[in-house]
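A look at the structure
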Amino acid sequence: MFIEPKVLKGFRDFLPPAEMIRRSLTEKIEGSFRSFGFVPIDTPALEYAEILLGKGGGETEKQIYRFKDNGDRDVALRFDLTVPFARFTALHQDELSFPFKRYHIGKVWRGENTQRGRYREFTQCDFDIIGSDSAAADFEIILMIRATLLSLGTDVSIRVNHRGLFNRFLSHIGLSEKSAEVLRVVDKIAKVGIDETRQTLAGLAGDSNAQKLLAFIGADGTDKKETFEQTLNRITELSGGPSPESERLALLRRFMLDAAGTDAPDDDSFILDPSITRGLDYYTGVVFETFLRELPGIGSICSGGRYDNLAGLYSKSHGSKAAISGVGSSIGLDRMIAALESLGKIPAAVGFCSAAIACVREEHSGMYQALADRFRRAGIPCEVFPDEAGSPDSKQLVKQYILAEKKGLRWLVIPGGDPLHDPLTLRDLGARQNREGLSVEETMKIMDSITHQGAGM
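In this text, all values refer to a predicted model and were calculated from it rather than measured experimentally.

**Overview of the overall build of the protein**
- Within the protein one finds 16 helices and 16 strands.
- Counting only C-alpha atoms, the protein reaches 90 × 55 × 45 Å along its principal axes.
- Out of the 457 residues in the protein, the part that is buried amounts to 49%.
- Sequence separation of at least 24 residues holds for 68% of the intrachain contacts in the protein that already meet a minimum separation of 6.
- When the 57 basic and 64 acidic side-chain charges of the protein are each reduced to a single mean position, those positions are 2 Å apart.

Shown next, in the form of structure tokens:
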């Protein structure tokens, strides 16, 4: 029986070069998260559907992979990492110390239309602070976004807004009952354009309110460039005057300007953008999206915001609001990689192993492994080739040179007749040169010296 090998649309295999690049970027992202004191967690890929559908809202419910398992349970694949984290927090609340700073890097699934940088199975890199309603927590997440993306060699613009201030404005013009629908329409303005957004809003709220909404988000055709402060003053007035929400935005701006050890951003790197609403229903406070200044057309590559009662959905005893209030963000790894490729900034695919032991006589494979173990214990990753190549003078050894080069190795160690005692030959694959008559210690010293020379260039 023949089964055609194929992959579902929106899903992908990753060959070693691509996966090594992904791992390299993930390690940089994870290193940035840890430098801020965040710790890792993990949650199941599969959850009860009622858990995931509790507060996703909008298009997400239509995109979720949902089915009955063999036990006739209603289950679904997680569509993001935030909702499972809320369930995790409610379930383990007594085991956590608040404020709790977590990061989670894992795959999620959405049955949405595929496009460049957007797939049905993709990886998110989430980081959250839960158990604090402080503006300082909001600011730390924003600062982490900036620091993490700068570590990847990108120049970013972070656009912020406050869902609460938008809702206050909607209430001020009599549209509070339609807030969820309006927010979702506005969230899509970058995708569908101003004209289609105006038509949709007019059908939802009337022509007059549609124009007021476009004026609030700065999409009324005036094309007037404003500073953060000017935009804040304008939307504060339109929403009925000063409020806790407008004060929170002003405080974040001050934090950004006064942050110790960071450069004060210009007006194009930290922007108050009233059109940023985020489509998911669970956001309640500050929201943000991050764009590459060199490639804004690819869309937001890191987004998130504050969710003040999400974990409370899964807790019988809600306790104080501070215990379940959270703020976080997520980097879309796949979209980030697509952007770096477009900018020519994708890192080289560097192998995890730098050396190999050539197989001269298959019956010596046990001793080759013992020899490789000496290199590994010295901190030099080393594999053993399994195929016999005849004698060191055989042309068959060239095949192992070629294999080592294809695998991206720098060194090939060719053992003598007695692999553990006879002198070694070291093949420098980069320079295509052999060095003969070496001890294991001399071989290691050469490897270390040349590796450090390359690192200093």
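Now that the structure has been shown, we can carry on.
**Observations regarding the sheet that holds strand β11 (residues 326-332)**
- The 8 strands lie next to each other as β1-β5-β6-β11-β10-β9-β7-β8, forming an open sheet whose pairing is mixed. Bordering the open sheet on either side are β1 (39-40) and β8 (270-272), each of which pairs with just one other strand.
- Sheet analysis places strand β6 (residues 121-130) next to β11, joined by 7 bridges and oriented antiparallel. If you follow aspartate 126 over to β11, its bridge partner there is serine 330.
- Running at roughly 20° to β8, helix α11 (residues 228-238) makes contact with β7 (156-162) and β8 of the sheet.

**As for the packing of helix α6 (residues 163-172) against helix α12 (residues 244-258)**
- Axis separation between α6 and α12 bottoms out at 8 Å; the angle between their running directions is 145°. α6 and α12 meet at a crossing whose hand is left-handed. Side by side, α6 and α12 meet where Gly164, Leu165 and Arg168 of the first sit next to Pro244, Glu245, Ser246 and Leu249 of the second.
- Here the residues of the contact of α6 with α12 are counted per class, giving 3 nonpolar, 2 polar and 2 charged.

**Topic: the nonpolar core**
- The biggest cluster of nonpolar side chains holds 64 residues, and the ones touching the most others in it are Phe33, Phe127, Leu149, Val160, Phe166, Leu213 and Phe288.
- No other element matches helix α5 (residues 135-151), which puts 8 residues into this core.
- Residues contacting valine 160, with those up to four places away along its chain left out, are Ile142, Phe228, Leu249, Phe270, Ile271, Leu272, Asp273, Val287 and Phe288.
- If you look at the next biggest cluster of nonpolar residues, it comprises 31 residues, including Ala356, Ala358, Cys359 and Cys382.

**Concerning helix α14 (residues 365-377)**
- The end-to-end C-alpha separation of α14 is 18 Å, in line with the 18 Å expected for 13 residues at 1.5 Å each.
- Buried residues of α14: Tyr368, Leu371, Ala372 and Phe375, and no others. Down the axis of α14, the buried set is contained in an arc of 100°. They therefore lie on one face. Residues of α14 that are exposed and point more than 90 degrees away from the buried face comprise Gly366 and Arg377.
- Remark: glycine 379 follows α14 within two positions and exhibits a positive phi of approximately 90°.

**Some details on the confidence of the model for the protein**
- The predicted model of the protein averages 88 in pLDDT, with 91% of residues at 70 or higher.
- A low-confidence stretch, residues 318-322 (pLDDT under 50), is modelled with 6 contacts involving residues beyond four sequence positions or located in other chains.

**Structural notes on the environment of histidine 172**
- Of note, histidine 172 is situated in helix α6.
- Histidine 172 sits 74 residues away from serine 246 along the chain, and the two C-alpha atoms are 15 Å apart.
- Not counting residues up to four positions away in its chain, the partners in contact with histidine 172 are Leu238, Ser239 and Gly240.

**Some details on the sheet that holds strand β4 (residues 74-77)**
- Strand order in the open sheet formed by 3 strands is β2-β4-β3, with antiparallel pairing between adjacent strands. Strands at the two margins of the open sheet, each flanked by one partner only, are β2 (46-48) and β3 (66-68). Taking each pair of neighbouring strands and ignoring which way they run, the sheet shows an average axis angle of 35°.
- Sheet topology note: the β3/β4 ladder contains 3 bridges and is antiparallel. Its bridge partner lying in β4, lysine 68 is registered against aspartate 74.

**Re the pairing of β4**
- Looking at chain direction, β2 and β4 are connected through 3 bridges and run antiparallel. Residue pairing for β4: glutamate 47 is matched across the bridge by alanine 76.

**Describing unusual backbone geometry**
- The linkage connecting phenylalanine 98 with the following residue, proline 99, adopts the cis geometry, with an omega of -5°.
- Looking at the element boundaries, proline 99 is found in the loop between α4 (82-91) and β5 (100-109).
- Notably, aspartate 72 is not glycine yet its phi reads approximately 60°, a positive angle.
- With respect to the secondary-structure elements, aspartate 72 resides in the loop between β3 and β4.
- Judged by relative accessible area, which is 55%, aspartate 72 ranks as exposed.
- Notably, arginine 432 is not glycine yet its phi reads approximately 55°, a positive angle.
- Looking at the element boundaries, arginine 432 is found in the loop between β15 (424-428) and β16 (433-438).

**A closer look at the side chain of arginine 306**
- Here arginine 306 lies in strand β10 (residues 302-307).
- A polar contact is formed between the side chain of arginine 306 and the backbone oxygen of serine 132, at a distance of 3.0 Å.
- Among the polar contacts made by the side chain of arginine 306, one reaches the side chain of serine 325 at a distance of 2.6 Å.

**Focus on the pairing of β15**
- Of all 5 residues in β15, 5 are buried; the element is thus mostly enclosed.
- The alternating pattern of β15 places Leu424, Leu426 and Asp428 and Thr425 and Arg427 on opposite faces, both of which are buried.
- Pairing between strand β14 (residues 411-414) and β15: 4 bridges, direction antiparallel. Along β15, the bridge assignment pairs tryptophan 411 with aspartate 428.
- The sheet contact formed by β15 and β16 spans 4 bridges and is antiparallel. Bridging from a neighbouring strand, leucine 426 pairs with arginine 435 of β16.
- The antiparallel hairpin formed by β15 and β16 contains 4 residues in its connecting segment, where arginine 432 sits at a positive phi of about 55°.

About the cut-offs
Residues numbered from 1 in each chain as written. Predicted model: local features only at pLDDT ≥ 70, side-chain atom pairs only at ≥ 80, totals over all residues. Heavy atoms only, no water. Helix = DSSP H or I, 4+ residues; strand = E, 2+ residues; numbered from the N terminus. Buried < 20%, exposed > 50% of the residue type's maximum accessible area, 1.4 Å probe, protein only. Contact = heavy atoms within 4.5 Å. Lys, Arg positive; Asp, Glu negative; His and termini not counted. Charge placed at Lys NZ, Arg CZ, Asp CG, Glu CD. Pairing = 2+ DSSP bridges. Axes fitted to C-alpha atoms, helices over the stretch in contact; angles between N-to-C directions. Left-handed = near helix turned anticlockwise from the far one by under 90°. Nonpolar A, V, L, I, M, F, W, Y, C, P; charged D, E, K, R; others polar. Core = buried A, V, L, I, M, F, W, Y, C linked by side-chain atoms within 4.5 Å. Expected span 1.5 Å × (residues − 1). Arc of directions from axis to C-beta. pLDDT = per-residue confidence, 0-100. Polar contact = N/O pair within 3.5 Å; in protein donor to acceptor, adjacent residues only side chain to side chain.

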